Amino acid sequence: MSLAEKIKVLIVDDQVTSRLLLSDALTQLGFKQITSAGDGEQGMKIMEQQPHHLVISDFNMPKMDGIGLLQAVRTNPTTKKAAFIILTAQGDRALVQRAAQLGANNVLAKPFTIEKMKAAIEAVFGALK
């Protein structure tokens, strides 16, 4: 069993198309345990019920944005060890710095390639294969 098959991933994005693209890319990389949420509040409920190893979250979302979700994940004893990759279309250095200060493991810019997603994940977990 590859490392990718062992990692449970939670995708949090308010855009259905983005969730599908992320899920498809993860599947191509060998991930089998993928869950999705449409906003940060829903994502945090999923994490509290069944913690995942990796959260890939969009920044701009209604209800709870990616920074709010990152803060919630990092302050909850049952979820704080999860790896967190923030996904953003913005080249906003302040956002990237804030995410890093709050404990994001990596940032992935949209649009992304499968290779860039793989590199972002491997920077956190090591080689997937």
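Residues numbered from 1 in each chain as written. Predicted model: local features only at pLDDT ≥ 70, side-chain atom pairs only at ≥ 80, totals over all residues. Heavy atoms only, no water.

## Comments concerning the pattern of salt bridges
(1) Moving on: Summed over all chains, the structure comprises five salt bridges.
(2) Moving on: Two residues, Lys 32 and Glu 5, come together in a salt bridge whose shortest N-O distance is 3.9 Å. Within this pair, whereas Lys 32 is found in the loop between helix H2 (16-28) and strand S2 (33-37), its partner Glu 5 is found in helix H1 (residues 3-6), the two being separated by 27 residues in sequence.
(3) Moving on: The class for Lys 32 is exposed, based on a relative accessible area of 60%. (Salt bridge = Lys/Arg side-chain N within 4 Å of Asp/Glu carboxyl O. Helix = DSSP H or I, 4+ residues; strand = E, 2+ residues; numbered from the N terminus. Buried < 20%, exposed > 50% of the residue type's maximum accessible area, 1.4 Å probe, protein only.)

## Examining the side chain of Lys 8
(1) Moving on: One can find Lys 8 in strand S1 (residues 8-12).
(2) Moving on: Buried Lys 8, no salt bridge; nearest opposite-charge side chain is Glu 48, N-O distance 15 Å.
(3) Moving on: Look past the residues within four positions of Lys 8 in its chain and what remains in contact with it is Gln 33, Gln 50, Pro 51, His 52, His 53 and Leu 54. (Lys, Arg positive; Asp, Glu negative; His and termini not counted. Contact = heavy atoms within 4.5 Å.)

## Let's talk about the UniProt feature "modified residue: 4-aspartylphosphate" (unreviewed entry) in the chain
(1) Moving on: Here the UniProt feature "modified residue: 4-aspartylphosphate" (unreviewed entry) sits at Asp 58.
(2) Moving on: Its location among the elements puts Asp 58 in strand S3 (residues 54-58).
(3) Moving on: Leaving out residues up to four positions away in the same chain, Asp 58 has contacts with Val 12, Asp 13, Asp 14, Gly 66, Ile 86, Leu 87 and Lys 110. (UniProt positions renumbered as here; feature names shortened; annotations may be inferred.)

## Notes on the pairing of S1
(1) Moving on: For S1, the tally of buried residues reaches five of five residues, placing the bulk of the element in the interior.
(2) Moving on: Side-chain alternation along S1 places Lys 8, Leu 10 and Val 12 on one buried face and Val 9 and Ile 11 on a second face that is also buried.
(3) Moving on: In terms of strand pairing, S1 meets S3 through four bridges, oriented parallel. Counterpart to Ile 11 in the pairing with S3 is Ile 56. (Pairing = 2+ DSSP bridges.)

## Concerning the nonpolar core
(1) Moving on: Core analysis: the largest hydrophobic core is formed by 20 residues, its most contacted members being Val 9, Leu 26, Phe 31, Leu 54, Ile 56, Met 117 and Ile 121.
(2) Moving on: Elements with a contribution of two residues or more to this core: S1, H2, S3, strand S4 (83-88) and helix H6 (114-125).
(3) Moving on: Beyond its immediate sequence surroundings of up to four residues, Met 117 is in contact with Leu 22, Ala 25, Leu 26, Leu 29, Ile 56, Leu 108 and Phe 112.
(4) Moving on: In terms of nonpolar packing, the next biggest core, distinct from the first, is built from 19 residues, Met 47, Leu 70, Ala 82 and Ile 86 among them. (Core = buried A, V, L, I, M, F, W, Y, C linked by side-chain atoms within 4.5 Å.)

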